[in-house]
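# Results of the structural survey
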Amino acid sequence: REQYVHRLGRTGRAGADGKGWLVLGPFESLFLEELKGIDITKNFDLIDLLNKSELDETDDMMEEMLERVQNGDKTLVKSGEGAYQAFLGYYLGQMKRMKMKRKERLVQIANEFSGSMGFRQSPALSKNMVGKMGLKGIDGLVVSASIDKGGANT
């Protein structure tokens, strides 16, 4: 709650009016329970906009980025791998808030997220990282013995 209020407050400084949008994935909807008492109205125009592309130009740009990931663009792949790992790390710490009981479900959501970034297969995590994250033995992860600093599996 405090984080939301703080972030929204940054949209209107020094007495100026501000506007903020809270965009949540379906699995994050329980976060809204923590914001009871704050007037948050659903913006159906924004929902429609986020659920469909308004511009062919946007579709073309996204398609190009997805293809670059699939073709191994080192910069995009490395960024995507980092985003995947950060996603898992953050939401592992939020499972209780989201009333998510099984780590397998979180890994499934993370893998869907990686697919939306253009990965045909979810990014590999080192065996060491899987252990640190408490994900040893969890189905759905791609685990490698180690990952070198360039991101290549070894």
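Keep in mind it's a predicted model, so treat the numbers as computed, not measured.

Right, let's get into the nonpolar core. Note that soluble globular proteins tend to have their nonpolar side chains buried in a common cluster. If you look at the biggest cluster of nonpolar residues, it comprises 23 residues, and the most contacted ones within it are Tyr84, Leu88, Leu106, Leu125, Leu135 and Leu141. Taken together, the elements giving at least two residues each to this core come down to helix H4 (74-92) and helix H5 (103-116). Looking at this core element by element, the count peaks at six residues for H4. Here leucine 106 is in contact with Phe87, Leu88, Tyr91, Leu92, Met95 and Met100, once residues within four sequence places are set aside.

This brings us to the packing of aromatic side chains. The geometry of an aromatic ring pair comes down to the distance between the two centres and the angle between the two planes. With the rule as written, the count across this model stands at five aromatic pairs. Members of the aromatic cluster, connected to one another through ring pairs, are Phe27, Phe87, Tyr90, Tyr91 and Phe113.

Scanning all chains against the criterion turns up four salt bridges. One salt bridge connects arginine 97 with glutamate 34, and the closest N-O pair in it is separated by 2.7 Å. Of this pair, arginine 97 sits in the loop between H4 and H5 while glutamate 34 sits in the loop between helix H1 (2-9) and helix H2 (44-51); the two residues are 63 residues apart in sequence, bridging distant segments of the chain. The class of arginine 97 is partly exposed, set by a relative accessible area of 34%. Taking the shortest distance from any N to any O, the salt bridge between glutamate 104 and arginine 102 comes out at 3.5 Å. On the basis of relative accessible area, arginine 102 is assigned to the exposed category, the value being 53%.

Rules used in this analysis
- Residues numbered from 1 in each chain as written.
- Predicted model: local features only at pLDDT ≥ 70, side-chain atom pairs only at ≥ 80, totals over all residues.
- Heavy atoms only, no water.
- Core = buried A, V, L, I, M, F, W, Y, C linked by side-chain atoms within 4.5 Å.
- Buried < 20%, exposed > 50% of the residue type's maximum accessible area, 1.4 Å probe, protein only.
- Helix = DSSP H or I, 4+ residues; strand = E, 2+ residues; numbered from the N terminus.
- Contact = heavy atoms within 4.5 Å.
- Phe/Tyr/Trp six-rings, centres within 6.5 Å; stacked < 30°, edge-to-face > 60°.
- Salt bridge = Lys/Arg side-chain N within 4 Å of Asp/Glu carboxyl O.

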